[in-house]
Each structure stands twice: as C-alpha cells, then as structure tokens.
Amino acid sequence: MPRFFFDVLDATRSVPDEAGLDCRDLGEAHHQACALIAEAMEGPEAVRVDWHHWRVEVSDEARRLLFTVPFPQRVD
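What this report covers is the structure whose coordinates are included nearby. (Residues numbered from 1 in each chain as written. Predicted model: local features only at pLDDT ≥ 70, side-chain atom pairs only at ≥ 80, totals over all residues. Heavy atoms only, no water.)

As for the overall build of the protein chain
- Within the protein chain, the secondary structure is distributed over 1 helix and 5 strands.
- Once the C-alpha set of the protein chain is aligned to its principal axes, its extents read approximately 40 × 25 × 20 Å.
- Counting only residues that meet the buried cut, the protein chain has 34% of its 76 residues in that class.
- A separation of at least 24 residues holds for 48% of the contacts in the protein chain among residues at least 6 apart in sequence.
- As displayed, the protein chain has an accessible area near 5100 Å², and 55% of this comes from carbon and sulfur atoms.
- Charged side chains of the protein chain number 8 positive and 15 negative; the gap between the two group centres comes to 2 Å. (Helix = DSSP H or I, 4+ residues; strand = E, 2+ residues; numbered from the N terminus. Buried < 20%, exposed > 50% of the residue type's maximum accessible area, 1.4 Å probe, protein only. Contact = heavy atoms within 4.5 Å. Areas by Shrake-Rupley, 256 points an atom, 1.4 Å probe, with all protein chains shown as cover. Lys, Arg positive; Asp, Glu negative; His and termini not counted. Charge placed at Lys NZ, Arg CZ, Asp CG, Glu CD.)

Section: the nonpolar core
- In terms of nonpolar packing, the biggest core is built from 16 residues, with Phe-6, Ala-29, Val-56, Val-58 and Phe-71 touching the most fellow members.
- Residue assignment for this core shows that the elements contributing at least two residues are strand 1 (3-9), helix 1 (26-40), strand 4 (55-59) and strand 5 (65-70). (Core = buried A, V, L, I, M, F, W, Y, C linked by side-chain atoms within 4.5 Å.)

Thoughts on the environment of Leu-26
- Mapped onto the fold, Leu-26 is located in helix 1.
- For the pair Leu-26 and Arg-48, spaced 22 residues apart in the sequence, the C-alpha separation amounts to 31 Å.

What to know about the environment of Thr-68
- Of note, Thr-68 is situated in strand 5.
- On the basis of relative accessibility, which here comes to 37%, the residue Thr-68 falls in the partly exposed class.
- For the pair formed by Thr-68 and Val-56, sequence separation is 12 residues and the distance between their alpha carbons is 5.6 Å.
- Apart from residues lying up to four places away in sequence, Thr-68 is in contact with Arg-55, Val-56 and Glu-57.

Put into structure tokens, the structure is as follows:
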C-alpha cells in the first residue's frame, strides 16, 4: 500500500508530516486530508484561528506534491 504525507501549511507556518499514512489510493488520501482538516477546525481553540490561508499538501513516498486541499472558510 502506498504511503502518503499530509503537510499542513499557511502563508508563514508549516507542520510537516514526518510519519505519513498508508492509503489504498488517491481517493483515500483525499478523504484522509479532509478528515485532518475537520479535526483541526474542531474545538474551542480552533475558533480563534483564521483558517483562510491554510491547506493540506498531500505528497507521495518520494515527497512529490500530488494535490492540495484548502481549508474551508469558517461559517460561524
């Protein structure tokens, strides 16, 4: 099973994924990126973050960028 890496970034900060995650295919990797975003945007601390410029960059085992999933606008 291929390993994918899910780095979380905004314009000035980066949270690299050092471990990665095994996924069946690109569809599962996209699902995992969306789940990561949903989890990051939950909780009391998350409401103070401006998620507008944040994104998850999904890379393959060679760390080649495959696709990017932007964080959605927060609707409160």
